[in-house]
Amino acid sequence: MDSLIREFRTAYTGMKGDRLAETLRPDTQIYLDGLLALWGRGNIRDATSDINFLFYTEPSRLRLSQEETAGWVEIYLAYWKAVGEILAVEGHLPSDSKPSKSSWTKVYEAWKGLTLQVIRGYTHYEFENWTIPCLYVAGKYLRIFAIRADAERKSNNEDITATVMQDDFDPESEENKLLEDCTRHLNRIFQTCLNDRAPLEESRKWGIYYAINLLFKSYFKLNSAALSKNVLRAIQAGRGDMPTIDRFPKSQQVTFKYYEGVLSFLEENYVDAEQRLTTAWQMCHKDATHNLELILTYLIPCHLLTTHTLPSANLLRPYPRLQQFFLPLATAIKNANLRAFDIALRNGEDEFIKRRIYLTLERGRDIAMRNLLRKVFLAGGFEEGKDGTSLVRRSRIPIAEFAAALKISSGEDIDSDEVECLLANMIYKNLMKGYIARERGFVVLSKTGAFPGTMV
């Protein structure tokens, strides 16, 4: 305990928020020896006595206000309790110093106690805004422990075996019970930052985007992305007295822009999504391969629909998973191979549905079909103009030629009515310019720009 509080004093005296937050970081991979020393023999009386002595009695203690001192005492006592649960569940403690039966649920509950104390430090004990990284650590690990606890409960099937089954019992509603509870406390962190009325240089608003990003991650994990819109509305309402986003760390900007882009994507606002995702892509660190891959997962479908642009093999080379799913689709679209497109879409169906991009990619079939019809148009060659001298590209294409191309490309029989329906849809979507002369069995295409965006 002595070394922990000495580190606290050093960080506090130097007003080093990140260093102060490190004293609350429960990472056993990095700080195992220190955490074991902190836990000692697991005697709460000794821990309480040590913390009170170090904060209230020791001559070298910091001279803080009585309220702030009480806040930090409660935080480090809660931290000590949480450390014991973490060490126990990970198997680092001998049996004589373990708390009662360990579980990730107990870890979550203990860390929630710490998180509530940290929040209370800002709402009741007037913690200064440079200590905000402590809120980051509390919120980050609360989410991690909630996910682990839910996974443990699902694995052990505790809720089903430990209670009497009832007709209205829904196991799926309990699947992410603790993560749902976690979002309520993350929202409290968000509100703690948002509602601060101190001058900007002293405001807790400097922690707001970190809290927002944690909420976004949690809502998406819960498949409740729509709840993120409430956060965006709250931000929009208070934007007048908030720092502009470009004044926050770049990592927070990238994460925020990514989730903004994905939300626009899910609302089928692909132009806005493309803009925000492109910003995230350009700002993301070149070595953050996983993050770049996540951004491309949504940016590629956006480009496909907004500009009909396909990803190159060179772009996808650093991302094998994206290569596996997107290259077959891109190749099929480029080659106007409808059967290959359908196979590629079917092969990646599970992943596409999981990422919520299946329906968007499915629209890429229209681009493949546009390319197929364009090939038929180009294969038609030229005919003499009305003056009998100059050659012009043939613009009256028999429907039967389009039908033959569609049958070959898709590998399926297709009747004339369905062909006409497909052609009408292409004209309606402005992927092809012209009209259907049904009585004569022709499609009359525009002599200038028959296939917009393809220079034909």
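Cut-off values and rules
- Residues numbered from 1 in each chain as written.
- Predicted model: local features only at pLDDT ≥ 70, side-chain atom pairs only at ≥ 80, totals over all residues.
- Heavy atoms only, no water.
- Helix = DSSP H or I, 4+ residues; strand = E, 2+ residues; numbered from the N terminus.
- Rg over C-alpha atoms; globule rule 2.2 N^0.38 Å.
- Buried < 20%, exposed > 50% of the residue type's maximum accessible area, 1.4 Å probe, protein only.
- Contact = heavy atoms within 4.5 Å.
- Areas by Shrake-Rupley, 256 points an atom, 1.4 Å probe, with all protein chains shown as cover.
- Lys, Arg positive; Asp, Glu negative; His and termini not counted.
- Charge placed at Lys NZ, Arg CZ, Asp CG, Glu CD.
- Phe/Tyr/Trp six-rings, centres within 6.5 Å; stacked < 30°, edge-to-face > 60°.
- Pairing = 2+ DSSP bridges.
- Core = buried A, V, L, I, M, F, W, Y, C linked by side-chain atoms within 4.5 Å.
- Salt bridge = Lys/Arg side-chain N within 4 Å of Asp/Glu carboxyl O.
- Axes fitted to C-alpha atoms, helices over the stretch in contact; angles between N-to-C directions.
- Parallel < 35°, antiparallel > 145°, perpendicular 65-115°, else oblique.
- Left-handed = near helix turned anticlockwise from the far one by under 90°.
- Nonpolar A, V, L, I, M, F, W, Y, C, P; charged D, E, K, R; others polar.

Chemist: What exactly am I supposed to notice about the overall build of the protein chain here?
Modeler: The helix and strand inventory of the protein chain stands at 22 helices and five strands. Against the 2.2 N^0.38 benchmark of 23 Å for 456 residues, the protein chain shows a C-alpha radius of gyration of 30 Å, more extended than a compact globule. Taken over the C-alpha atoms alone, the protein chain extends approximately 105 × 55 × 40 Å along its principal axes. By residue count, 46% of the 456 residues in the protein chain fall in the buried class. Summarising the internal contacts of the protein chain: among those between residues at least 6 apart in sequence, 64% fall at separations of at least 24. For the protein chain, the computed accessible surface area is about 23500 Å², with 49% contributed by carbon and sulfur atoms. In the protein chain, 59 side chains carry a positive charge and 59 a negative one; their mean positions are 4 Å apart.

Chemist: How should I be thinking about the packing of aromatic side chains in this particular structure?
Modeler: Both the distance between ring centres and the angle between the ring planes are used here to describe each pair of aromatic rings. Tallying each qualifying case throughout the model produces 27 aromatic pairs. An angle of 5° between the planes, with centres 4.3 Å apart, marks the rings of W72 and F127 as stacked. Here the residue W72 occupies a position in helix α5 (residues 66-89), and F127 occupies one in the loop between α6 (104-123) and α7 (133-156), the gap between them amounting to 55 residues. Comparing W72 with F127 shows no difference in burial state: the two are buried. Seen from their ring centres, Y209 and F248 are 4.7 Å apart, and the 80° between their planes marks the pair as edge-to-face.

Chemist: How should the side chain of T183 be read in this particular structure?
Modeler: When you line up the elements, T183 lands in helix α9 (residues 177-194). Under the relative-accessibility criterion, T183 is labelled buried at 9%. Not counting residues within four places of it along the chain, the set of residues in contact with T183 comprises L215, S218, Y219 and L222.

Chemist: Could you clarify how one ought to interpret the pairing of strand β4 (residues 434-437) in this entry?
Modeler: Remark: a regular strand shows side chains that alternate across the two faces of the sheet. Inspection of the sheet shows β4 paired to strand β5 (residues 442-445) by four bridges, in the antiparallel sense. In the strand pairing of β5, G434 is matched with L445. What sits between β4 and β5 in their antiparallel hairpin is a turn of four residues, with G441 showing a positive phi close to 75°.

Chemist: Would you mind going over the environment of Y31 with me for this structure?
Modeler: When you line up the elements, Y31 lands in helix α3 (residues 28-39). Ignoring any residue separated from it by four or fewer positions in sequence, one finds Y31 in contact with E22 and R25.

Chemist: I tried to follow the nonpolar core on my own but got confused; where do I start?
Modeler: One broad trend across soluble globular proteins is that nonpolar side chains are buried collectively. The biggest cluster of nonpolar side chains holds 138 residues, and the ones touching the most others in it are W72, Y76, Y79, W111 and I208. The element that contributes the greatest number of residues to this core is α5, accounting for 13 residues. For W111, the contacting residues outside a window of four places in its chain are L24, P26, Y79, A82, I86, V137, A138, Y141, L142 and F145.

Chemist: Would you mind going over the environment of G381 with me for this structure?
Modeler: Its location among the elements puts G381 in the loop between α20 (364-379) and β1 (382-384). G381 sits 109 residues away from D272 along the chain, and the two C-alpha atoms are 40 Å apart. Excluding residues that lie within four positions of it along the chain, G381 makes contacts with R393 and R394.

Chemist: Where do I start with the pattern of salt bridges in this structure?
Modeler: The final tally for this structure, using the stated rule, is 24 salt bridges. Note that R321 is salt-bridged to E351, the shortest N-O span being 2.6 Å. Of this pair, R321 sits in helix α16 (residues 320-334) while E351 sits in helix α18 (residues 349-354); the two residues are 30 residues apart in sequence, bridging distant segments of the chain. Judged by relative accessible area, which is 22%, R321 ranks as partly exposed. You can call E351 buried: its relative accessible area is 17%. Notably, a salt bridge pairs E401 with R394, separated by 2.9 Å at the nearest N-O pair. Residue classification places E401 among the partly exposed residues on the basis of a relative accessible area of 30%. A relative accessible area of 18% means that R394 is categorised as buried.

Chemist: Just checking my understanding: could you explain the sheet that holds β5 for this structure?
Modeler: As a general point, the strands of a sheet are linked pairwise by backbone hydrogen bonds and lie either parallel or antiparallel. One open sheet holds the three strands; their spatial order is β3-β5-β4, and the pairing between them is antiparallel. The open sheet has two edge strands, β3 (396-398) and β4, and neither has a second partner. The average angle at which neighbouring strand axes cross in this sheet is 25°, direction not considered. Sitting on the sheet, helix α22 (residues 416-428) is in contact with β4 and β5, with an inclination near 155° to β4.

Chemist: Where do I start with the pairing of β5 in this structure?
Modeler: Inspection of the sheet shows β3 paired to β5 by three bridges, in the antiparallel sense. Residue pairing across strands places R396 opposite V444, the latter belonging to β5.

Chemist: Mind showing me how you'd approach the packing of helix α10 (residues 208-221) against helix α12 (residues 250-266) here?
Modeler: The packing of two helices is summarised by the inter-axis angle and the distance between the axes. Where α10 meets α12, the axes come as close as 9 Å, and the angle between the chain directions of the two elements is 40°. By the angle between their directions, the pair α10 and α12 is classed as oblique. In terms of crossing hand, the pair formed by α10 and α12 is left-handed. Between α10, through Y209, Y210, I212, N213, F216, K217 and F220, and α12, the contact on the second element is made entirely by Q252, T255, F256, Y259, V262, L263 and L266. Tallied by class, residues from the contact of α10 with α12 come to 10 nonpolar, three polar and one charged.

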